[in-house]
Amino acid sequence: MQYSTVLSGGMLALACLACAVAIGKARKRYGEADQPALFCALLGFLLTAAAAAASVGEPSWQAAHLWLSQASSFLGLPLLGVAALALGRGWAWSRPNWGRVVLGLCAFFELFRQMNLLEDYRLLLNLATLLLIVYAGAIQWPRRTPAYAATVVVGLFLLGTLAVGSDGLIGPLRRTDLLQAVLTLAYPLLAWLLLSLPGHAEDCVNRENPVKTL
């Protein structure tokens, strides 16, 4: 077992778990219209936390780590992107519609797995997710902070997945450790971005202008 991988994987797991806790606590301040989107974001962070935690386990955990990594890539991250889109646009989707999103992602995963095109599908899905995140931040203009945060989040994901990768070494450092270190920075910033998006317009007004009671 590589101690550096245990450290980097543990830090990523803790970071994503903290994101899930922050989303869970913040849900209390949101109205019913935003609850399904926030729940899906919570699920996305928990899947990544579980995958990172499994990576620091014994070799016998390898199968679980592979399954959770696929769940994080093909379901967790896309759910975060769709949640960013819904919150950024202020769209109130019903729980059944969010269920269809989850089922659709699972169905497409199985379809491309049967076609032996999972890696191509992973690349397209990740790029589409990053575009959704950039778009969700950009449409908040003239609020600059969400747009900048979205750009940094996408930059970190691209740096980690395309430039760093997960196989081999960069000098004395394992690529997988560098990837997990980059993602440890990206996920908390993504959580902050999600919580800075307006969500459903009426709920946003209620959060920003709470009614004072005696």
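So, here's what we can say about the structure. Bear in mind that the values here come from a model prediction, so they are computed numbers and not experimental data.

1. A word on the environment of Leu-77
Considering the arrangement of structural elements, one finds Leu-77 in helix α3 (residues 62-89). The buried category is assigned to Leu-77, whose relative accessible area is 7%. The sequence separation of Leu-77 and Leu-47 amounts to 30 residues, and the corresponding C-alpha distance is 8.8 Å. Each residue touching Leu-77, except ones within four places of it in the same chain, is listed here: Ser-72, Asn-126, Thr-129, Phe-157 and Tyr-187.

2. Here we look at the nonpolar core
Phe-45, Leu-80, Ile-133, Phe-157, Tyr-187, Leu-190 and Leu-194 are the most contacted members of the largest nonpolar core, which totals 53 residues. Every element with two or more residues in this core is listed here: α1 (3-26), α2 (35-54), α3, α4 (95-114), α5 (118-138), α6 (144-164) and α7 (175-196). Take this core: its biggest share by element is 11 residues, from α3. Leaving out residues up to four positions away in the same chain, Leu-194 has contacts with Tyr-30, Ala-41, Phe-45, Leu-80, Ala-83, Ala-84 and Leu-87.

3. Some remarks on the pattern of salt bridges
Taken as a whole and judged by the stated rule, the model has 4 salt bridges. Across the salt bridge formed by Arg-122 and Glu-119, the nearest N and O atoms sit 3.2 Å from each other. Taken as a pair, Arg-122 and Glu-119 lie in helix α5 at a separation of 3 residues, close to a single helical turn. Exposure remark for Arg-122: the relative accessible area of 21% places this residue in the partly exposed category. Classification of Glu-119 as exposed rests on a relative accessible area of 53%. Residues Arg-174 and Asp-177 are paired through a salt bridge, measuring 4.0 Å at the closest nitrogen-oxygen approach. Asp-177 sits in the buried class, given a relative accessible area of 11%.

4. Examining the layout of surface pockets
Over the atoms, a rolling probe the size of a water molecule traces out where space has been left empty. Approximately 180 Å³ is the volume attributed to the second largest pocket. What lines the second largest pocket is Leu-47, Trp-67, Gln-70, Ala-71, Phe-74, Leu-75, Leu-105, Cys-106 and Phe-109. Taken together, the elements giving at least two residues each to the lining of the second largest pocket come down to α3 and α4. Of all the elements, α3 adds the most residues to the lining of the second largest pocket, at 5 residues. Along the lines of polarity and charge, the residues of the lining of the second largest pocket split into 8 nonpolar, 1 polar and no charged.

Cut-offs applied
Residues numbered from 1 in each chain as written. Predicted model: local features only at pLDDT ≥ 70, side-chain atom pairs only at ≥ 80, totals over all residues. Heavy atoms only, no water. Helix = DSSP H or I, 4+ residues; strand = E, 2+ residues; numbered from the N terminus. Buried < 20%, exposed > 50% of the residue type's maximum accessible area, 1.4 Å probe, protein only. Contact = heavy atoms within 4.5 Å. Core = buried A, V, L, I, M, F, W, Y, C linked by side-chain atoms within 4.5 Å. Salt bridge = Lys/Arg side-chain N within 4 Å of Asp/Glu carboxyl O. 1 Å grid on protein atoms, 1.4 Å probe; cavity = no way out; pocket = protein on both sides within 12 Å on 5 of 7 lines; lining within 4 Å. Points joined across faces, edges and corners; volume = space filled by probe spheres on them. Nonpolar A, V, L, I, M, F, W, Y, C, P; charged D, E, K, R; others polar.

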